Amino acid sequence: MDWLQYEFMQRALAMGLLSGATCGVLGVFIALWRIGFIGICISHAAFAGALLALWGGLPALPGALIGSVGAASVAGSLTRKATFTPDAAVSIIFSVMLSLAILALGMLPASQTDGLTFLWGNLLTAQWSDIAVMGGITVALVGFLWFFFKEIQATLTQREAAEAMGLPVKTIYYGSLTLLSLIVAFSLQSIGGLLIYALMVTPAVTALQLCSSLKATFWSAGGFGALSVVIGLVASTAWAIPTGVAIVLSATVLLMVAYVISPKRHSFRQS
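Residues numbered from 1 in each chain as written. Predicted model: local features only at pLDDT ≥ 70, side-chain atom pairs only at ≥ 80, totals over all residues. Heavy atoms only, no water.

### A word on the overall build of the chain
Secondary structure summary: the chain contains 14 helices and zero strands in total. For the chain, the α and β elements follow one another from N to C terminus as α-α-α-α-α-α-α-α-α-α-α-α-α-α. For the chain, buried positions account for 46% of its 271 residues. A separation of at least 24 residues holds for 75% of the contacts in the chain among residues at least 6 apart in sequence. For the chain, the exposed area adds up to about 12900 Å²; of that, 69% sits on carbon and sulfur atoms. (Helix = DSSP H or I, 4+ residues; strand = E, 2+ residues; numbered from the N terminus. Buried < 20%, exposed > 50% of the residue type's maximum accessible area, 1.4 Å probe, protein only. Contact = heavy atoms within 4.5 Å. Areas by Shrake-Rupley, 256 points an atom, 1.4 Å probe, with all protein chains shown as cover.)

### Examining unusual backbone geometry
Of note in the backbone geometry, alanine 240 takes a positive phi value of approximately 55 degrees without being a glycine. Of note, alanine 240 is situated in the loop between helix H12 (214-239) and helix H13 (243-261).

### A word on the nonpolar core
Ranked by internal contacts, the top residues of the largest apolar core, which has 73 residues, are Phe29, Ile38, Leu51, Leu123, Ile152 and Phe218. Considering every element that reaches this core, the biggest residue donor is helix H1 (residues 7-33), with 11 residues. Setting aside residues up to four positions removed in sequence, phenylalanine 218 forms contacts with Val25, Val28, Phe29, Leu145, Phe149, Ile152 and Leu156. (Core = buried A, V, L, I, M, F, W, Y, C linked by side-chain atoms within 4.5 Å.)

### Comments concerning the packing of aromatic side chains
Given two aromatic rings, one states the distance between the centres and the angle between the planes to describe the pair. With the rule as written, the count across this model stands at eight aromatic pairs. Their ring planes at 45 degrees and their centres at 5.6 Å tell us that phenylalanine 29 and tryptophan 33 sit as a pair that is tilted. Of the two residues, phenylalanine 29 and tryptophan 33 both sit in helix H1, four residues apart, roughly one turn of that helix. The class for tryptophan 33 is buried, based on a relative accessible area of 10%. Here tryptophan 33 and tyrosine 173 contribute two aromatic rings whose centre-to-centre distance is 4.9 Å and whose plane-to-plane angle is 65 degrees, an arrangement assigned as edge-to-face. Taken together, the residues span a long stretch of sequence, with tryptophan 33 in helix H1 and tyrosine 173 in helix H9 (residues 169-186) at a distance of 140 residues. By the burial criterion, tryptophan 33 is buried, and tyrosine 173 matches it. (Phe/Tyr/Trp six-rings, centres within 6.5 Å; stacked < 30°, edge-to-face > 60°.)

### A short note on the packing of helix H11 (residues 193-210) against H13
Contact geometry of H11 with H13 gives a least axis separation of 9 Å together with a crossing angle of 15 degrees. It follows from the interaxial angle that H11 and H13 lie roughly parallel. Our pair here, H11 against H13, has a crossing hand that is left-handed. For the pair H11 and H13, the contacting residues are Leu195, Ala198, Leu199, Thr202, Val205, Thr206, Gln209 and Leu210 in the first and Gly244, Ile247, Val248, Ala251, Thr252, Leu254, Leu255, Ala258, Tyr259 and Ile261 in the second. In terms of residue class, the contact of H11 with H13 is built from 13 nonpolar, five polar and no charged. (Axes fitted to C-alpha atoms, helices over the stretch in contact; angles between N-to-C directions. Parallel < 35°, antiparallel > 145°, perpendicular 65-115°, else oblique. Left-handed = near helix turned anticlockwise from the far one by under 90°. Nonpolar A, V, L, I, M, F, W, Y, C, P; charged D, E, K, R; others polar.)

### Some remarks on the side chain of serine 181
Residue placement: serine 181 occurs in helix H9. The contact partners of serine 181, leaving out residues within four places of it in the chain, are Ile42, Ser68, Val69 and Ala72.

### Some thoughts on H1
In this model, H1 (27 residues) spans 39 Å end to end at C-alpha, consistent with the 39 Å of a helix rising 1.5 Å per residue. Count one or two residues on from H1 and you reach arginine 34, which has phi positive near 60 degrees. (Expected span 1.5 Å × (residues − 1).)

### Description of the environment of alanine 185
In this structure, alanine 185 sits in helix H9. Expressed as a C-alpha distance, the spacing of alanine 185 and isoleucine 42, which sit 143 residues apart in the sequence, is 9.0 Å. With residues near it in sequence (within four places) discarded, alanine 185 still touches Leu61, Ala64, Leu65 and Ser68.

### Quick word on the pattern of salt bridges
Using the criterion set out here, one finds one salt bridge in the structure. Ionic pairing is found between arginine 11 and glutamate 7, a salt bridge with its closest N-O pair at 3.5 Å. Placement of both arginine 11 and glutamate 7 in helix H1 is noted, with a separation of four residues, approximately one turn of the helix. (Salt bridge = Lys/Arg side-chain N within 4 Å of Asp/Glu carboxyl O.)

Structure (structure tokens):
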């Protein structure tokens, strides 16, 4: 653990813990609503927005924000309409965003390697300002869960009944997508679009293998996301492998272990 004496590794750990925890928690919404593809759609929209902003000579962050929030709004609207299935709506947006990203990447006046960093990210380049912003988003997420937990629980488990009772299902839906898009945009450069998607889906699915209550699922998903980052950072420094790859593989190993020991799997076999 000697790597913790370096400030850039401390920043990487702090940024990774916050991103892993928040992405894991928001992944529970995505998993239970069965809109897993929306995460990669938003991440690619942020990637395309950042590249288009760079191509236009503007800072990458505003472009990433516009791309991620815009994609979340459009995808959320289309997936709620009966004329579009969630997979079809998100697939359309994803193909458009991916085309724009490739177009902008080809038109960049500088090296394309600079643009690709937004796709893969570099956790070791995280700054304290990035960590402060991610900390603020984490506080907003905790507050969202704290004040609206009963409504969130009803929305995730019995959505149609919640709408019939007049609960703010639409607010919960768009609120979670907005928080997700903010996390993607502000951590795009340090985490990367592909790593963000992995941190959203895998820890949430891991928690669902082991937990029977929604509250425990949220806590566990955040914990598994943070733990994946810690294990990945240790593995990357010990064996000199890319940090992002190590984190994704760590999250996958945790999922495999959870699947093997899952009480839900054993109860299903017995029945």
